[in-house]
Amino acid sequence: MGKPTKEKMIEMYRVMAKIRKTEQKLMEVFSNGEILGFLHVSIGQEAAPVGICSHLNEADYIATTHRGHGHAIAKGIDLKMAMAELFGKKAGYCLGRSGSMHLADKSRGIMGANGIVGAGIPIATGAAFAAKYKKTDQVVVATFGEGATGEGAFHEALNFAAIKKLPIVYLCENNGWAEFSPMSIHAPVQSVTQRALGYDIPAVSVENEVLEIYEAAGKAVERARNGEGPTLIEVRSERWYGHYVGDAQKYRDKENVAQAMAKDCLLNFEKDLLQSKVLKKQDIEKINADLDTEIEAAVSFARECPYPEASEMMEGLYL
Amino acid sequence: MKDIRYIFAIKEAMEEEMDRDENVFLIGEDVGLAGGSFGASKGLYEKFGPERIVDTPISELGFTSLAAGAASCGLRPIVEIMFMDFVTCCMDSIVNQIAKMRYMFGNQYTVPIVIRMPEGGGLNAGPQHSQCLEAWFAHVPGLKVVMAANPYDVKGLLKSAIRDDNPIIFIENKTLHAMKGSIPEEEYLIPLGKADVKREGTDVTVVSASRLVNESIKAADALSKEGISVEVVDLRTIQPWDRETVFTSIAKTHRLVVAHEAVKQFGFGAEIAAAVAEEILDELDAPIMRVGAPFVPASYSLEKYYVPGAEDVKKAVLATMERSF
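Residues numbered from 1 in each chain as written. Chains lettered and ligands numbered in written order. Predicted model: local features only at pLDDT ≥ 70, side-chain atom pairs only at ≥ 80, totals over all residues. Heavy atoms only, no water.

## What to know about the overall build of chain A
- Scanning chain A from terminus to terminus reveals 12 helices and 8 strands.
- Whereas a compact globule of 319 residues would reach a radius of gyration of roughly 20 Å, chain A reaches 19 Å, a difference of no more than 12%.
- Overall, the C-alpha framework of chain A stretches about 55 × 50 × 40 Å when taken along its three principal axes.
- Put simply, of all contacts in chain A between residues at least 6 apart along the chain, 72% involve residues at least 24 apart.
- A total of about 13300 Å² of accessible surface is found on chain A, and carbon and sulfur atoms cover 53% of it. (Helix = DSSP H or I, 4+ residues; strand = E, 2+ residues; numbered from the N terminus. Rg over C-alpha atoms; globule rule 2.2 N^0.38 Å. Contact = heavy atoms within 4.5 Å. Areas by Shrake-Rupley, 256 points an atom, 1.4 Å probe, with all protein chains shown as cover.)

## Re the nonpolar core
- Core analysis: the largest hydrophobic core is formed by 158 residues, its most contacted members being Phe129(A) and Tyr170(A).
- By residue number, the principal contributor to this core is helix α1 (residues 6-31) of chain A, which donates 11 residues.
- Two domains share this core, each providing at least three of its residues, namely domain 1 (2-183) and domain 2 (196-322) of chain B.
- Beyond its immediate sequence surroundings of up to four residues, Phe129(A) is in contact with Phe160(A), Leu166(A), Phe25(B), Glu51(B), Val54(B), Leu66(B), Ala70(B) and Leu75(B).
- Grouped together as the second largest cluster of nonpolar side chains are 31 residues, Ile7(B), Val24(B), Ala40(B) and Phe48(B) included. (Core = buried A, V, L, I, M, F, W, Y, C linked by side-chain atoms within 4.5 Å. Buried < 20%, exposed > 50% of the residue type's maximum accessible area, 1.4 Å probe, protein only. Domains from an automatic or database assignment.)

## A short note on the sheet that holds strand β14 (residues 289-293) of chain B
All names here are of chain B.
- A sheet is described by the order of its strands in space; here 5 strands give the open sequence β9-β11-β10-β13-β14, paired in mixed fashion. The sheet is open, and its two borders are formed by β9 (196-199) and β14, each paired with just one other strand. Sheet twist, expressed as the mean angle between neighbouring strand axes with direction ignored, is 25°.
- Sheet topology places strand β13 (residues 256-263) next to β14; 4 bridges connect them, and they run parallel. From the neighbouring strand, Ala259 faces β14, where its bridge partner is Val291. (Pairing = 2+ DSSP bridges. Axes fitted to C-alpha atoms, helices over the stretch in contact; angles between N-to-C directions.)

## Topic: the side chain of Lys21(A)
Residue and element names in this part refer to chain A.
- Within the fold, Lys21 resides in helix α1.
- Only 3.0 Å separates the side chain of Lys21 from the side chain of Asp292, close enough to count as a polar contact.
- When residues no more than four places from it in sequence are discounted, the contact partners of Lys21 are Asn288, Leu291, Asp292 and Ile295. (Polar contact = N/O pair within 3.5 Å; in protein donor to acceptor, adjacent residues only side chain to side chain.)

## Description of the environment of Tyr241(A)
All names here are of chain A.
- With respect to the helices, strands and loops of the structure, Tyr241 is situated in the loop between β8 (231-236) and α10 (254-262).
- Tyr241 sits 19 residues away from Glu222 along the chain, and the two C-alpha atoms are 34 Å apart.
- Aside from chain neighbours lying at most four places away, what touches Tyr241 is Met27, Val41, Ile43, Gln249, Arg252 and Met261.

## Examining the pattern of salt bridges
- Taken as a whole, this structure holds 43 salt bridges over all chains when the rule is applied.
- A salt bridge links Glu294(A) to Lys18(A); its shortest N-O distance comes to 3.0 Å. Of the two residues, Glu294(A) sits in helix α12 (residues 281-304) while Lys18(A) sits in helix α1, which places them 276 residues apart along the sequence.
- In this structure, the salt-bridge partner of Lys155(B) is Glu12(B), at a minimum N-O distance of 2.8 Å. Separated by 143 residues along the polypeptide, Lys155(B) in helix α7 (residues 151-163) and Glu12(B) in helix α1 (residues 6-20) bring together distant segments of the chain.
- Among the ionic contacts, a cluster of salt bridges with common partners joins Lys2(B), Glu12(B), Glu16(B), Glu17(B), Arg20(B), Lys155(B), Lys159(B), Arg163(B) and Glu187(B). (Salt bridge = Lys/Arg side-chain N within 4 Å of Asp/Glu carboxyl O.)

## Digging into the packing of α1(A) against helix α9 (residues 210-225) of chain A
Residue and element names in this part refer to chain A.
- Following both chains from N to C, one finds α1 and α9 inclined at 115°, their axes separated by 12 Å at the closest point. It follows from the interaxial angle that α1 and α9 lie roughly perpendicular. Two packed elements cross with a definite hand, and for α1 against α9 that hand is right-handed. Contacts between α1 and α9 pair Lys8, Met9, Met12 and Met16 from the former with Val210, Leu211 and Tyr214 from the latter.
- Looking at the contact of α1 with α9 residue by residue, the classes come out as 6 nonpolar, no polar and 1 charged. (Parallel < 35°, antiparallel > 145°, perpendicular 65-115°, else oblique. Left-handed = near helix turned anticlockwise from the far one by under 90°. Nonpolar A, V, L, I, M, F, W, Y, C, P; charged D, E, K, R; others polar.)

## Re the interface of chain A and chain B
- Contacts between the two partners involve 40 residues from chain A, matched on the other side by 43 residues from chain B.
- Here chain A meets chain B over a buried area of about 3400 Å², counting both sides, of which 62% is carbon and sulfur.
- On the chain A side of the interface with chain B, the three residues burying the most area are Tyr133(A), Tyr318(A) and Leu319(A), jointly 22% of the side's total.
- Counting across the interface, chain A meets chain B through 0 salt bridges.
- For the side of chain A that touches chain B, the elements supplying multiple residues, two or more each, are β2 (110-112), α5 (120-133) and α6 (152-164) of chain A.
- Here the element with the most residues in the side of chain A that touches chain B is α5(A); it accounts for 8 residues.
- By residue class, the composition of the side of chain A that touches chain B is 24 nonpolar, 9 polar and 7 charged. (Buried area = accessible area lost by both parts, 1.4 Å probe.)

## Structural notes on unusual backbone geometry
- In this model, Gln239(B) is joined to Pro240(B) through a cis peptide bond whose omega is -5°.
- As for its position among the elements, Pro240(B) is in the loop between β12 (237-239) and α9 (243-253).
- A positive phi angle, near 60°, is found at Leu95(A), a position not held by glycine.
- By the element assignment, Leu95(A) lies in the loop between α4 (79-86) and β2.
- Accessibility expressed as a relative area gives 27% for Leu95(A), which makes it partly exposed.
- One non-glycine residue, Lys277(A), adopts positive backbone phi at about 60°.
- Here Lys277(A) lies in the loop between α11 (265-275) and α12.

## Describing the domain arrangement of chain B
All names here are of chain B.
- When cut into domains, chain B gives domain 1 (2-183) and domain 2 (196-322).
- Summarising the inter-unit geometry, the C-alpha centres of domain 1 and domain 2 are found 26 Å apart.
- Carbon and sulfur atoms supply 55% of the area buried between domain 1 and domain 2, which totals about 2000 Å² over both sides.
- Of all residues in domain 1, Asn124, Met147 and Ala149 bury the most surface against domain 2, accounting for 25% of the area lost on that side.
- For the pair domain 1 and domain 2, the interface holds 2 salt bridges.
- For Lys198, the salt bridge identified is with Asp153, shortest N-O distance 2.6 Å.
- Inspection of the domain 1/domain 2 interface yields 12 residue pairs in polar contact (both at pLDDT 80 or more).
- Going through the elements one at a time, α6 (134-138), β6 (144-147) and α7 are the ones with two or more residues in the side of domain 1 that touches domain 2.

Printed below as a string of structure tokens:
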């Protein structure tokens, strides 16, 4: 598993930029009050979803978290329908019932974001069980943060997946902050990879750089597809903003935030691509301008779509 | 017809559905090699192998959520929880995930899963192995809750539950596992959501489920000698419950007793009583009486005083007969 091709790298850059720009736009419309409830952005963490999803087919599955826009975009979610869901509109993926914390797209194997920390991990493991049961060659990715590794769900899932050699990759984005507390409050270990040792699951820790993640993910996905069982990848990423949009992060030093923001996986990749002449300045401008147009179109679509009727609330509770 | 014990009727239901549909599998603690803690899967491991009769670590949350993920990817899991008390370890899985997945994701995913568990006393197993917690699940939108009172019902209801596309909490009763009953040789199904009038009567309606149905029939037999005619309605499914059958019976008898093994307070009987009061209060000639366990943890040495039975139903029937508006 070598470096990605030039075309692949350009696409990876485009998707990372799409995640960044989409979430920046979401922060704006959330502040306007156009999006309800909670919004958790992953700005600064775009490398992980793109690094792993670059190895997945449409039939492969990913289960994501409350901070899951990036994973959904990297797995190919339709931006208009996703935006409509975030705006609570009937045209959204979940009929406007669920919003940001439950984005799902069955047609692309996006099993759904989850509002309960760690809860998606055993569910994703069940998808891997189903793939093995049906003898497909599908691979499943479970994403979570380091905070979720304190949950029983994480340990129970890893234990079972290791016993059964299930085709799954556990992708931990360790951004150092679990809701409002640093990792030292949550774990006695320095790295989440140490957690995997007890389950005899191979684990690797990588920097928040897309090509590093791409390489580690390539090996893990290949192992899973070959029936060799689960792998855990820890990405040492950074959380730029609060737990949710609007969280002033008073529990965190300004310096700590500044250091996080200085590690910009998107900017670093952009510099790499310019330096290696994969992209020129004007290519980058074009990609970003096209993304702006696409995102604006998605927002306009979402704004114009109708909300569900109150009378529709009771529909479909039971089949 | 043939005679069969309740526990083997469960096994037959699972075996027939696994024969019929290769996506059906059983998962839980000791269901494979050991044949199930109460013997419900005896012989199935030998027949279907470890791929479809899946032994798990002691990890109720993990394997229940795993089954949810597998169900959303096209399989039809039957999950066995060894004792109903242990289901408390997987409340996130059932309440936040399984009950909501289809509705919350805008109907994209269906979660056809049956979670089987035995409840109730009878083994002197004490506070953490004897509880009846069905009301908790009946309170969560998205779940169906089924309770079977005899071997015939358990087989027909379980087969329907396995074929149903909704998530189902399927509750057995430990003291019923050894109960013998008659079932047809040929295949049959019992529809979910329909109550069954187990005994017809004209003076008092007793609405019940699971073991208390049989206790209510015993009470009705005894009371008939005293000239009191009791109608016993077995809900079979407590969520969604069959209002029509219950209301029709009350319109005939004008008196109601609700009876379950769970503690009386906030039990499913309270919902039945409330719905009757809300919708057909004018049909009642006397106050509604409730039968349930006392509001304390299940007792070890005092179990025989704790678990309600025919005598308690009889007292409740007599109490409502003595009263009138």
